[in-house]
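# Residue-level structural notes
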Amino acid sequence: MTDDSNREAPTAGRRNGRPAGFFRRLNRYIRYRLVTPMLRAKHPAAYSARSVLVGVVCGLMPVIGQSTVVLLVWLVARRFNWGFNVVMAALWTFISNPLTTAPMFYTFYVTGQVMLGNWNDLSGFDRFSAFTHHLIADELGFREQVSLVFRMLFLDWGLAMWTGFIPWAILCGWLGYRWSLRLIIAYRAMREKRMARRRALAAQGVTGT
């Protein structure tokens with residue numbers, strides 16, 4: 001009979017011997033990879049909050065390679081003495097991931113359609129149908145098909161997405177900055193109170209002896 005004390009303890013990421021759920025792992029990732037480094041950073045609170053702002057805005061951009069965009073922003077911002085932690089900002093571009101990219105881009109597209117006044121076809125379905133019809137039409141040559149795809153991706157969908165991205169970037173960037181700033185300040189105040197209590201207890205112990 002095997003002794004229970006010799007059994008291997010459940011590994012990290014498991015509960016009751018079963019793998020932790022996806023959302024539990026996601027929450028753990030966000031807490032340890034995004035929030036904890038932000039709270040423990042030695043920079044001023046506003047400095048770290050700007051890192052979150054830049055990461056959120058760049059993460060929302062309808063492009064591939066948002067971390068590279070963060071680096072470019074950092075190179076420009078440092079010339080104007082507007083510093084932020086480039087590594088932390090790059091981590092916060094995680095808000096754009098395989099689960100969120102499609103709904104975010106579609107939200108930007110619909111928002112852009114509204115801002116551009118395309119009320120009759122907010123979803124873009126009618127234009128998409130016309131696009132596919134012309135694309136497979138036999139009368140279009142290869143060059144015309146390439147031109148059609150380019151116009152649809154960059155002048156139609158791209159224009160709507162980038163237009164719709166602007167208000168969401170302003171809103172989410174501001175919310176990310178305010179949230180992170182308040183969280184960092186509250187965390188540091190709590191940590192300072194804890195350290196003050198420890199110093200007081202240590203002083204009482206020395207006095208008592």
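In the block above lies the structure referred to throughout.
A brief structural summary. Everything numeric here is computed off the predicted structure, so don't read it as measured data.

## Focus: helix α2 (residues 45-60)
Along its 16 residues, α2 runs 23 Å from first to last C-alpha, staying within 8% of the 22 Å computed at 1.5 Å per residue. The element α2 is extensively covered by neighbouring structure, given that 13 of its 16 residues are classed as buried.

## Some remarks on a nonpolar patch on the surface
On the surface, Trp168, Leu171, Trp174 and Leu175 cluster together into a nonpolar patch covering about 410 Å² of accessible area. In this fold, Leu175 is placed in helix α7 (residues 142-208). Overall, the relative accessible area of 42% leaves Leu175 in the partly exposed class.

## Section: the side chain of Ser96
Along the chain, Ser96 falls in the loop between α4 (86-92) and α5 (101-115). When near neighbours in sequence (up to four residues on either side) are disregarded, Ser96 contacts Gly59, Gln66, Thr101 and Met104.

## Points about unusual backbone geometry
Backbone geometry at Asn81 places phi at a positive 55 degrees, although glycine is not the residue there. For Asn81, the location among the structural elements is in the loop between α3 (66-77) and α4. Overall, Asn81 belongs to the exposed group, its relative accessible area being 74%.

## What about the nonpolar core?
Inside soluble globular proteins, nonpolar side chains tend to come together where they are buried. Ranked by size, the top nonpolar core spans 32 residues in total, and within it Met38, Leu60, Phe84, Trp92, Phe108 and Phe165 carry the most contacts. Mapped onto this core, the elements with two or more residues apiece are α1 (22-40), α2, α3, α4, α5 and α7. The dominant element in this core, judged by the number of residues it contributes, is α2, at 8 residues. Here Leu60 is in contact with Ile95, Met104, Phe105, Phe108, Phe165, Trp168, Ala169 and Cys172, once residues within four sequence places are set aside.

## Describing the environment of Val54
Within the secondary structure, Val54 sits in helix α2. A residue is classified by how much of its surface remains accessible, and Val54, at 4% relative accessible area, is buried. The spacing of Val54 and Trp74 is 20 residues in sequence and 9.0 Å in space, taken between C-alpha atoms. Discounting residues that sit within four places of it in the chain, Val54 has contacts with Val73, Trp82, Phe84 and Ala89.

Basis of the calculations
Residues numbered from 1 in each chain as written. Predicted model: local features only at pLDDT ≥ 70, side-chain atom pairs only at ≥ 80, totals over all residues. Heavy atoms only, no water. Helix = DSSP H or I, 4+ residues; strand = E, 2+ residues; numbered from the N terminus. Expected span 1.5 Å × (residues − 1). Buried < 20%, exposed > 50% of the residue type's maximum accessible area, 1.4 Å probe, protein only. Patch = residues over 30% accessible without salt bridge, like charges linked within 9 Å, V, L, I, M, F, W, Y side chains within 5 Å. Areas by Shrake-Rupley, 256 points an atom, 1.4 Å probe, with all protein chains shown as cover. Salt bridge = Lys/Arg side-chain N within 4 Å of Asp/Glu carboxyl O. Contact = heavy atoms within 4.5 Å. Core = buried A, V, L, I, M, F, W, Y, C linked by side-chain atoms within 4.5 Å.

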